[in-house]
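What the coordinates show
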Amino acid sequence: MMTKLIFPSLNCLQKSLCITLAIHAVVLFTQPYYPASEFFFSPLQSILSPSQTTPPPPIDHNSPTNINHLVFGLVGSLKAWRHRKAYIESWWRPNVTRGYLYLDTAPTEELLPWSATSPPLCVSDDISKLVQESGHVAPIMVRMVHAILEVYREGDQGVRWYVMGDDDSIFFVDNWVDVLAKYDHTKYVYIGGHSETVMSNFYYSFDQGFGGAGFALSYPLASAMVKDLEGCIKRYPHLNSADFITKFCVDELGVSLSAERGIHQIDLRGDISGFLSSHPQSPLMSLHHFDMVDPIFPSMDRFQSANHLMKSAKVDQSRLLQQTICYHKPTNWSFSVSWGYCAHIYEKILPRGILKRPLETFEAWVWGTSPPFMFNTRPRPFNDSCDAPHVFFLETVENAGGNDIVSTYARSTLRGLPTCSSSGNHSAEHISKVRVLSPPTKLIQVKHVLFSCSYFRKLCCGKELHSHCLILMQ
């Protein structure tokens, strides 16, 4: 007597169902043993068997790039998935976003049936023979690079871009679409972001896309790479980083990195609110290493923080974290708004050139270089009344109808410092909320000057708004 499971040949879109059946649906029968044929598969074989299809060439090159032209290849592990699932589900849109999640092993029964709000499940190919033949020093990194071949092999129609990333990253898909639309998807194009820390870029490469935060390969480039991706992996058995291996394979095709400032590896530690409050004026595309930093909203945990930020993203991704700086001269106050995340009030007129520098609330990934960061920072002013901001974090965001989106930012904690005397002793301690009105038009579609306040209503915090500030943005 023996037990066999009957499955057709499946691709990753069907594997979540396959895995459920493999555990719960067992067909028993009694018959003499004979060799397995193509009609009989074990559960493990049905999960690991690669799809035999390859994508057709992209079609309709002249149409605008949209979400259907992107396929995400997300790499994770079964052990980490239990607590990282919430990250991906905060941004994944079932039946809209296209892509796959590659786990190192098949999920255990408590994770089944596979959630419909998660990406379609795949289990990574068995690369043990490849690792053994090459003597590679980093098998885990090989698996991550090999995922490029596996996602390409799924044969999705009309792909223009493959976006690879890790399972502890938050992606802002609409912004990926807008940014990738600037590039010619019919050419060899490799798009990624740098590390925020000098040491990471120096140790690996300043011409490398750090893959945890995501990098994009145009269809023609991915197609060329997969023809000999395993051969490329074998040629560099000493490289211990998946991103570095990928860079070497891209280099072999004569392609350089196209860097985007909104792809964030977050090679930082601790409280990154100072970094996010002075985001570069580039679309926010991703945030990596959510497990390694403090929750970005101090009253929430990491998973709640991810979902809270996505409330802004669902209303207007184009403005998310974009910094607006303006001034209220009667009180000598400076305002800095990181749309959809936080607002700062300073009891002093500070130049834009200063406020654009992130407050150093965070630490470097690895200390030992000077300077440690790839950007200028401001020292955190713990005790300076004139340089320490009053901090307000996102409370609500909603489309108010008509021509306004209203985002409200509530005070985090009292600053606990005296009033800035050098600017006229105008205290902002009584302000409990900042409300920001912004237009519903996508930021990239606005033709006039961006990132500025047009005016303050009722002189901002006047008699009628004694506890609120109302800012109107262009």
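The structure reproduced in this document is the subject of the present report.

How each quantity is defined
Residues numbered from 1 in each chain as written. Predicted model: local features only at pLDDT ≥ 70, side-chain atom pairs only at ≥ 80, totals over all residues. Heavy atoms only, no water. Buried < 20%, exposed > 50% of the residue type's maximum accessible area, 1.4 Å probe, protein only. Helix = DSSP H or I, 4+ residues; strand = E, 2+ residues; numbered from the N terminus. Pairing = 2+ DSSP bridges. Patch = residues over 30% accessible without salt bridge, like charges linked within 9 Å, V, L, I, M, F, W, Y side chains within 5 Å. Areas by Shrake-Rupley, 256 points an atom, 1.4 Å probe, with all protein chains shown as cover. Salt bridge = Lys/Arg side-chain N within 4 Å of Asp/Glu carboxyl O. Phe/Tyr/Trp six-rings, centres within 6.5 Å; stacked < 30°, edge-to-face > 60°. Lys, Arg positive; Asp, Glu negative; His and termini not counted. Polar contact = N/O pair within 3.5 Å; in protein donor to acceptor, adjacent residues only side chain to side chain. Contact = heavy atoms within 4.5 Å. Disulfide = S-S within 2.5 Å.

Considerations on the pairing of strand E6 (residues 161-166)
The side chains of a regular strand alternate, first on one face of the sheet and then on the other. Burial analysis of E6 places six of its six residues in the buried class, the great majority of the element. With burial as the criterion, each face of E6 is covered, one bearing Trp161, Val163 and Gly165 and the other bearing Tyr162, Met164 and Asp166. Relative to E6, strand E3 (residues 70-75) runs parallel, the two being bridged by six bridges. When the bridges of E6 are listed, Leu70 appears paired with Trp161. Here E6 pairs with strand E9 (residues 215-218) via four bridges, running antiparallel. In the sheet register, Val163 faces E9, and the bridge partner there is Ala216.

A word on a nonpolar patch on the surface
The grouping of Phe202, Phe206 and Met374 at the surface amounts to a nonpolar patch, some 330 Å² of accessible area in total. Inspection of the secondary structure assignment puts Phe202 in helix H7 (residues 198-203). You can call Phe202 exposed: its relative accessible area is 63%.

Remarks on the sheet that holds strand E13 (residues 286-287)
Across the sheet, which stays open at both edges, the three strands sit in the order E7-E13-E11 with mixed pairing between neighbours. What marks the edges here is a single partner per strand, and that holds for strand E7 (170-171) and strand E11 (263-264). Inspection of the sheet shows E11 paired to E13 by two bridges, in the parallel sense. The residue bridging Ile263 from the neighbouring strand is Ser286, located in E13.

A few points about the packing of aromatic side chains
Aromatic rings considered in pairs are described by the distance between their centres and by the relative angle of their planes. The full count for this structure, using the stated rule, is 28 aromatic pairs. With a centroid separation of 5.5 Å and 15° between ring planes, the pair formed by Trp81 and Trp114 is classed as stacked. Taken as a pair, Trp81 in helix H3 (residues 78-91) and Trp114 in the loop between strand E4 (99-103) and strand E5 (121-123) lie far apart in primary sequence, 33 residues in all. Exposure remark for Trp114: the relative accessible area of 12% places this residue in the buried category. Here the aromatic rings of Trp91 and Phe171 are separated by 5.0 Å at their centres, their planes lie at 55°, and the arrangement is tilted. Within this pair, whereas Trp91 is found in helix H3, its partner Phe171 is found in strand E7, the two being separated by 80 residues in sequence. We classify Trp91 as buried; its relative accessible area is 3%. Here the aromatic residues Tyr203, Tyr204, Phe210, Tyr236, Phe244 and Phe248 are joined through ring pairs into a cluster of three or more.

Things to note about the side chain of Arg411
Within the element layout of this structure, Arg411 appears in strand E19 (residues 405-411). Glu429 provides the closest opposite charge to the buried, salt-bridge-free Arg411, at an N-O distance of 4.6 Å. Here the side chain of Arg411 touches Glu429 through a polar contact of 3.4 Å, landing on its backbone oxygen. Not counting chain neighbours up to four residues away, the residues in contact with Arg411 comprise His390, Val391, Phe392, Ala428, Glu429, Ile431 and Ser432.

As for the state of the cysteines
Per the stated rule, a full pass over the model turns up two disulfides. Across the disulfide from Cys232 sits Cys249; the S-S distance is 2.0 Å. Disulfide Cys232-Cys249: torsion about the S-S bond near -110°, hence left-handed. With Cys232 in helix H9 (residues 229-235) and Cys249 in helix H10 (residues 242-251), this residue pair connects regions lying 17 residues apart in the sequence. Residue classification places Cys232 among the buried positions, given a relative accessible area of 2%. Assessed through its relative accessible area of 4%, Cys249 is described here as buried. For Cys386, the disulfide goes to Cys420, at an S-S distance of 1.9 Å. One disulfide, between Cys386 and Cys420, carries an S-S torsion of 90° and so falls in the right-handed class. Of this pair, Cys386 sits in the loop between strand E17 (362-364) and strand E18 (390-399) while Cys420 sits in the loop between E19 and strand E20 (433-438), and the two are 34 residues apart along the sequence. The same class applies to Cys386 and to Cys420, which are both buried.

Notes on the pattern of salt bridges
Tallied over the full model, the rule gives 17 salt bridges. One salt bridge in this structure joins Arg153 and Asp125, with 2.9 Å as the shortest N-O distance. Of the two residues, Arg153 is situated in the loop between helix H5 (139-152) and E6 and Asp125 in the loop between E5 and helix H4 (128-134); the sequence distance between them amounts to 28 residues. For the pair shown, Arg153 and Asp125 are each scored as buried. Between Arg235 and Asp228 there is a salt bridge; the shortest N-O distance is 3.0 Å. Of the residues examined, Arg235 reaches a relative accessible area of 40% and is grouped as partly exposed. Residue classification places Asp228 among the partly exposed residues on the basis of a relative accessible area of 39%.

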